[in-house]
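A closer look at the structure
As a plain string of letters, each chain reads:
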Amino acid sequence: MFRLVPPAGTPLRSSQVLSALRDVATANGHGKKTLETFAAQLGARYAFGASSGRAALWTILRGLRRLRPQAGIVALPAYTCFSVAAAVVRAGLQVHLMDVIPETLDLDVCAADSLPEKSLLCAVTANLFGYANDVRPLREMARARNAFVVDDAAQALGAWREGKPAGMRGDVGLFSLGRGKAISTIEGGLIVTGSEEIAKAVREELALLRPASAFHGAWLLLQLLGYSALLRPELYRIPRAMPFLKIGVTEFDPGFSVNGLHPLSHSLFLSLVDQLEAINEIRRANSAWMREALEGHPKFCVPQPSANTRATMVRLPVIARDEDTRSFALKRLRVAGIEASAFYPSAICDIEGIGAHMTNPPVHRAGAEHIARTLFTLPVHPLVERKDMERIADVLYSV
Ligand SMILES: Cc1ncc(COP(=O)(O)O)c(C=O)c1O
């Protein structure tokens, strides 16, 4: 079978890419739409762009360090994207890990108890798959230590919890526009905050960055056009077979580049953001269908977002009974033309070489390590058809 359903994605038309390119070339904005109007819709006073989510986080960390130069520790979820840990390391800070609760994907803040006073710079959320984390315990823990909360909503653009948008439940938040996110412009990151002092520190950091090269702009355009043409089940095996695209690869690389948000990504984001809600609604409906289909399954369970949340569901996470069951399910799904993903290869504590950057190595976080061994994600994006979801359910019931 040549058809292969991509694990995540947001449909993009080449006309949208070309229209964004035209806007950049003619310095034409999107009417009155700017990053600030996007921020205002979220309730943020300030918004900034960076070249990626990790560049956004790095900039935030450098900015916060200007405000608390004596604090050098960042509390991170022990199961999150490797580039979160890479941003901390690149900023010259130390990692302190909080465990993740497999049933809800919320964070266990107890780990912070052991930290020396005044050493914590900030605590970072994860909001993985667009499940908006419960940030209250994190905020209380951070406030008691005069530290900041960074609401990492890289995967959660459009998610809410208790009436507050993800990204806006800390002192400063970030979104990613990378591949597989709620809206993708291939690369890009956004920073939002309501705090004037944080905005000032972030602005000063951003002012030090160099713009990306013209060559990079051409490569970005090529990738956007390729993405718009090939992100469909009938053609997805083509980009999947190109190793230089690093599709599905998670690396720990503190040497990542940091630039401002490319004008093409900026312009495209502003033109796509109006579709966000409709696209997330499809993801939520597909997730609800899949969750119901897997209800009561003896070998797989879907972590439950809390009742007062609205998740974005950039992917649907499923926890298998054990590692072998997961491997078997992934293989069977691939044969059936479904690209499910084992997601991050390990918990943050098990990344090779991370020990030198941790407050207390060697450390194990049981919840995060269990998730890393057993979690996989199912596609629920708008390109997934009902027949695909029925096939997924059939495969998982035959495992
Ligand atoms: C939770 C989380 N934070 C940060 C990032 C970094 O975003 P980017 O890939 O745009 O650098 C990611 C990327 O996948 C992520 O999932």
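Residues numbered from 1 in each chain as written. Predicted model: local features only at pLDDT ≥ 70, side-chain atom pairs only at ≥ 80, totals over all residues. Heavy atoms only, no water.

1. Re the overall build of the protein
Check the secondary structure of the protein and you find 13 helices and 14 strands. Its C-alpha atoms give the protein a radius of gyration of 20 Å, within 12% of the compact-globule value 21 Å for 399 residues. Judged by the C-alpha coordinates and their principal axes, the protein covers about 55 × 55 × 40 Å. The proportion of buried residues among the 399 residues of the protein is 58%. Summarising the internal contacts of the protein: among those between residues at least 6 apart in sequence, 77% fall at separations of at least 24. Summed over all atoms, the accessible surface of the protein reaches about 16300 Å², with 55% contributed by carbon and sulfur. Side chains of the protein give 45 positive and 38 negative charges; the mean places of these two sets differ by 5 Å. (Helix = DSSP H or I, 4+ residues; strand = E, 2+ residues; numbered from the N terminus. Rg over C-alpha atoms; globule rule 2.2 N^0.38 Å. Buried < 20%, exposed > 50% of the residue type's maximum accessible area, 1.4 Å probe, protein only. Contact = heavy atoms within 4.5 Å. Areas by Shrake-Rupley, 256 points an atom, 1.4 Å probe, with all protein chains shown as cover. Lys, Arg positive; Asp, Glu negative; His and termini not counted. Charge placed at Lys NZ, Arg CZ, Asp CG, Glu CD.)

2. Observations regarding the domain arrangement of the protein
How big an interface is tends to be expressed through the accessible area that disappears when the partners come together. Segmentation of the protein into domains returns domain 1 (14-206) and domain 2 (275-398). The centre of domain 1, based on its C-alpha atoms, is set 22 Å off from the matching centre of domain 2. On the domain 2 side, the residues contacting the 41 residues of domain 1 number 47 residues. Overall, the association of domain 1 and domain 2 removes approximately 3500 Å² of surface from exposure, summing both partners, and the carbon and sulfur fraction of that is 63%. (Domains from an automatic or database assignment. Buried area = accessible area lost by both parts, 1.4 Å probe.)

3. Comments concerning the packing of aromatic side chains
This structure, assessed with the given rule, holds 8 aromatic pairs. Judged by centre distance (5.1 Å) and plane angle (90 degrees), the ring pair of Phe-38 and Phe-269 falls under edge-to-face. Taken together, the residues Phe-38 in helix 2 (residues 35-42) and Phe-269 in helix 9 (residues 263-272) connect sequence positions 231 residues apart. Per residue, the accessibility class of Phe-38 equals that of Phe-269, and both read buried. Between Trp-219 and Phe-244, the ring centres sit 6.5 Å apart and the planes meet at 40 degrees, which makes this aromatic pair tilted. One end of the pair, Trp-219, is in helix 7 (residues 214-230); the other, Phe-244, is in the loop between helix 8 (237-240) and helix 9, with 25 residues separating them in the sequence. For Trp-219, a relative accessible area of 32% puts it in the partly exposed group. By relative accessible area, which is 57% here, Phe-244 ends up exposed. Through pairs of rings, three or more aromatic residues link up here, namely Tyr-79, Phe-82, Phe-129, Phe-343 and Tyr-344. Stacked on the ring of Trp-58, the Lys or Arg Arg-90 has its end atom at 4.8 Å from the ring centre. (Phe/Tyr/Trp six-rings, centres within 6.5 Å; stacked < 30°, edge-to-face > 60°. Lys NZ or Arg CZ within 6 Å of the ring centre and 35° of its normal.)

4. A look at the site of the ligand
What surrounds the ligand is a group of 16 residues, the closest being Gly-53, Arg-54, Asp-152, Gln-155 and Ser-176. Gly-53 places a polar main-chain atom, nitrogen or oxygen, 2.7 Å from an oxygen atom of the ligand. With respect to the ligand, the side chain of Lys-181 contributes an N or O atom lying 2.9 Å from an oxygen atom. If the ligand stood free it would expose 380 Å²; the protein chains cover 92% of that surface. Residues of the shell around the ligand, tallied by class, amount to 6 nonpolar, 7 polar and 3 charged. (Near = heavy atom within 4 Å. Polar contact = N/O pair within 3.5 Å; in protein donor to acceptor, adjacent residues only side chain to side chain. Nonpolar A, V, L, I, M, F, W, Y, C, P; charged D, E, K, R; others polar.)

5. Let's talk about unusual backbone geometry
The amide bond that connects Pro-361 to the next residue, Pro-362, takes the cis arrangement and shows omega of -10 degrees. Of note, Pro-362 is situated in the loop between helix 11 (323-335) and helix 12 (366-374). Backbone geometry at Glu-162 places phi at a positive 45 degrees, although glycine is not the residue there. Its location among the elements puts Glu-162 in the loop between strand 7 (160-161) and strand 8 (164-165). Here Met-313, not a glycine, exhibits a phi torsion of approximately 55 degrees, which is positive. Its place among the elements puts Met-313 in the loop between strand 12 (309-310) and strand 13 (316-320). For Met-313, a relative accessible area of 3% translates into the label buried.

6. Remarks on the pairing of strand 9 (residues 172-176)
Taken across its 5 residues, strand 9 has 5 buried, putting it largely inside the fold. Residues Val-172, Leu-174 and Ser-176 point to one face of strand 9 and Gly-173 and Phe-175 to the other, with burial holding for every one of them. Sheet analysis places strand 6 (residues 148-152) next to strand 9, joined by 3 bridges and oriented parallel. Across the sheet, residue Val-150 finds its bridge partner in strand 9, namely Val-172. Pairing of strand 9 with strand 10 (residues 189-193), which is carried by 5 bridges, proceeds in the antiparallel orientation. Bridge pairing links Leu-174 to Ile-191 in strand 10. (Pairing = 2+ DSSP bridges.)

7. Regarding the sheet that holds strand 8
Reading across the sheet, the 3 strands line up as 8-7-12 and stay open at both edges, with antiparallel pairing between neighbours. Each edge of the open sheet carries a strand with a single partner, namely strand 8 and strand 12. Looking at chain direction, strand 7 and strand 8 are connected through 2 bridges and run antiparallel. Directly across from Arg-161, in strand 8, lies its bridge partner Lys-164.

8. With respect to the pattern of salt bridges
All told, the structure shown has 21 salt bridges when counted by the stated rule. Residues Asp-322 and Arg-321 are paired through a salt bridge, measuring 3.8 Å at the closest nitrogen-oxygen approach. (Salt bridge = Lys/Arg side-chain N within 4 Å of Asp/Glu carboxyl O.)

9. A closer look at helix 4 (residues 82-90)
With 8 of 9 residues buried, helix 4 lies mostly within the body of the structure. Of all the residues in helix 4, the buried ones are Phe-82, Ser-83, Val-84, Ala-85, Ala-86, Ala-87, Val-88 and Val-89. Positive backbone phi, at 75 degrees, marks Gly-92, one or two positions downstream of helix 4.

10. Some thoughts on a nonpolar patch on the surface
On the surface, Phe-215, Trp-219, Leu-222 and Phe-244 cluster together into a nonpolar patch covering about 500 Å² of accessible area. Structurally, the position occupied by Phe-215 is in helix 7. (Patch = residues over 30% accessible without salt bridge, like charges linked within 9 Å, V, L, I, M, F, W, Y side chains within 5 Å.)

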